[in-house]
Amino acid sequence: MRLVQTFGFGVVVALSLASLSACQPRPVGTAARYLYIWMGDVDGADPDFLAVVDADPTSDGYGDIISTEPVGMRESLPHHTEYELPPVGTYLFANAHLTEEVLLIDFQDPIRPQAVRTLDAVPPYRYPHDMVRMPSGNVLVGYLRSDGPSPLSADTTRPGGHGGIALPAIDRMVLTSAPMVEPYSADVVQTWRLSSLELLHTLPVPPARLPSGELLETEHRGELQPSGHRYPFEPRVMSDGSVLLNAYGCGFYRVTQIDSDAPRLE
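All of the points below concern the structure found in this document.

Rules used in this analysis
- Per-chain numbering applies: the sequence of each chain, read as written, is numbered from 1 onward.
- Reporting in this predicted model follows two pLDDT cut-offs: at least 70 for local features of residues, and 80 or more for side-chain atom pairs to be given and counted; totals over whole chains, interfaces and linings ignore these cut-offs and use all residues.
- Side-chain numbers here rest on the full set of heavy atoms in the structure, without hydrogens or water.
- For helices the rule is a DSSP run of H or I covering at least 4 residues; for strands it is a run of E covering at least 2, with both sets numbered from the N terminus onward.
- Accessibility here uses a 1.4 Å probe with only protein chains present; expressed as a share of the type maximum, an area under 20% marks a residue as buried, one over 50% as exposed, and anything in between as partly exposed.
- What makes two residues a contact is simply this: any of their non-hydrogen atoms within 4.5 Å.
- Only the protein chains shown count as cover for residues, with accessible areas throughout obtained via the Shrake-Rupley method and a probe of 1.4 Å.
- When DSSP locates at least two bridges between a pair of strands, those strands are taken to pair.
- In this scheme Phe, Tyr and Trp rings, the latter by its six-membered ring, pair at centre separations within 6.5 Å, and the angle between planes marks the pair as stacked below 30 degrees, edge-to-face above 60, and tilted otherwise.
- A fitted line through C-alpha atoms represents every axis, and for helices the fit uses only the stretch in contact; the resulting angles, taken between N-to-C directions, go from 0 to 180 degrees.

**Some words on the overall build of the protein**
Reasoning step 1: Along its length, the protein carries zero helices and 21 strands.
Reasoning step 2: The buried share of the protein, reckoned over its 266 residues, is 38%.
Reasoning step 3: Contacts in the protein between residues at least 24 apart in sequence constitute 42% of all its contacts with a sequence separation of at least 6.
Reasoning step 4: Total accessible area on the protein is roughly 15000 Å²; 54% of this is exposed by carbon and sulfur atoms.

**Here we look at the pairing of strand S14 (residues 188–193)**
Reasoning step 1: Counting buried residues in S14 gives five out of six residues, a clear majority hidden from the surface.
Reasoning step 2: As paired elements, strand S13 (residues 172–176) and S14 share four bridges and run antiparallel to each other. Note on S14: the bridge partner recorded for Arg-172 is Arg-193.
Reasoning step 3: With six bridges joining them, S14 and strand S15 (residues 198–204) adopt antiparallel strand pairing. Bridge pairing links Val-189 to Leu-203 in S15.

**Some thoughts on the packing of aromatic side chains**
Reasoning step 1: All told, the structure shown has four aromatic pairs when counted by the stated rule.
Reasoning step 2: Between Tyr-36 and Phe-107 the ring centres are 4.5 Å apart and the planes differ by 65°, which places this aromatic pair in the edge-to-face class. Pair noted here: Tyr-36 is in strand S3 (residues 34–39) and Phe-107 is in the loop between strand S8 (101–106) and strand S9 (114–120), with a separation of 71 residues, a long-range link.
Reasoning step 3: When its relative accessible area of 18% is taken as the criterion, Tyr-36 is described as buried.
Reasoning step 4: Seen in terms of ring centroids, Phe-233 and Tyr-248 are 4.2 Å apart; in terms of plane orientation they differ by 10°. Their pairing is stacked. Placement of Phe-233 in strand S18 (residues 232–237) and of Tyr-248 in the loop between strand S19 (243–247) and strand S20 (252–256) is noted, with a sequence separation of 15 residues between them.
Reasoning step 5: Using a relative accessible area of 36% as the deciding quantity, one classes Tyr-248 as partly exposed.
Reasoning step 6: Taken together, the ring pairs connect Tyr-34, Tyr-36 and Phe-107 into an aromatic cluster.

**Examining the sheet that holds S3**
Reasoning step 1: Strand order in this open sheet of three strands is S3-S4-S5, and the pairing throughout is antiparallel. Each of the sheet's edge strands pairs with one partner strand only, and the pair in question is S3 and strand S5 (65–70). Averaged over all neighbouring strand pairs, the angle between strand axes comes to 20°, with direction disregarded.
Reasoning step 2: Two elements, S3 and strand S4 (residues 49–54), share six bridges in a ladder whose sense is antiparallel. When the bridges of S4 are listed, Leu-35 appears paired with Val-53.

Structure follows, in structure tokens:
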């Protein structure tokens, strides 16, 4: 273990895996041969698994599932993995949300990847979520919450849980408000001053619309209701400095002018 750092509404833990295996650079500029999907069995009767998909567009089996490799646990709510395969000779990180574990996946045989071990959460932090591999080889693991009180003395269980992304170059942080296990959400996006953790703006997420201009609606409690704006989450910074995010309700959004007095959410 190299670092445990609390930061406002989440926790980032850096793990050093140099002792687990040697890291060799993966060739760049070549097309991916396989797509790996971390999945759960539909009825929970069989173990959760990794599906290996033929991703070669020149292959006769393009898009077909080549193999499914069980990981030895059921109904763990497979959730996140690293967004790219790690260097050859080391392990991919994946989270099992409901068991609060991180799985290490070995891709030495690319068609039959194997879960070789698990890492428990780091007390008092719970629910490992996002994972990012740094150039040093360390892996940052974000935890959704921790035991004990909120780090903000005035915080309550409402509005919904926070998730966010920092933009150090403009001294801003963009927070979303999708919960993970709570049954409610604030359905807002906030901008904060990164250096002082000062709240600057709270932006209600507007209803999403179809290309026809009609509201995006889904059934909720037996009625069709606008849903595209519900549970905004997973912000990503683009090269132009804007932030893209989506919502569980299937809306897709862009935040611009983040360092101004009037940020825009569209």
